[in-house]
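Breakdown of the fold
Chain residues, written in single-letter form:
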Amino acid sequence: MVDVGQQAPEFTLPDQEMKSVSLSDFRGEKAVVLSFHIFSFTGG
């Protein structure tokens, strides 16, 4: 669990072109926003 203001742990996810992108690729370069849409594309 990550608390507000705590640094996010390192992770790697595929982008829209299925290329691996890591959080560290942006560290110190850009702000990163993660958004979770629990019911998106599920019909619920």
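Scroll up to find the structure this text is about.
On a predicted model such as this, the values are computed, not experimentally measured, just so you know. (Residues numbered from 1 in each chain as written. Predicted model: local features only at pLDDT ≥ 70, side-chain atom pairs only at ≥ 80, totals over all residues. Heavy atoms only, no water.)

Where empty space is left can be seen by rolling a probe of water-molecule size over the atoms. Size it by volume and the largest pocket reaches roughly 210 Å³. Lining the largest pocket are 13 residues, and of these F11, L13, V21, V32 and L34 lie nearest its centre. If you list the elements that add at least two residues to the lining of the largest pocket, you get β1 (12-14) and β2 (20-22). Its residues placed into classes, the lining of the largest pocket shows 10 nonpolar, two polar and one charged. One number sums up the size of the second largest pocket: a volume of about 170 Å³. Lining the second largest pocket are V2, Q6, Q7, A8, P9, F11, L23, V32, V33 and L34. In terms of residue class, the lining of the second largest pocket is built from eight nonpolar, two polar and no charged. (1 Å grid on protein atoms, 1.4 Å probe; cavity = no way out; pocket = protein on both sides within 12 Å on 5 of 7 lines; lining within 4 Å. Points joined across faces, edges and corners; volume = space filled by probe spheres on them. Helix = DSSP H or I, 4+ residues; strand = E, 2+ residues; numbered from the N terminus. Nonpolar A, V, L, I, M, F, W, Y, C, P; charged D, E, K, R; others polar.)

Structurally, V32 can be placed in the segment after β2. On the basis of relative accessible area, V32 is assigned to the partly exposed category, the value being 42%. (Buried < 20%, exposed > 50% of the residue type's maximum accessible area, 1.4 Å probe, protein only.)

Enumeration according to the criterion identifies two salt bridges in this entry. Linking E10 and R27 is a salt bridge whose minimum nitrogen-to-oxygen distance equals 3.8 Å. Here the residue E10 occupies a position in the segment before β1, and R27 occupies one in the segment after β2, the gap between them amounting to 17 residues. Among the salt bridges present, the one from K19 reaches E17, with a minimum N-O distance of 3.4 Å. With a relative accessible area of 49%, K19 lands in the partly exposed category. We classify E17 as exposed; its relative accessible area is 51%. (Salt bridge = Lys/Arg side-chain N within 4 Å of Asp/Glu carboxyl O.)

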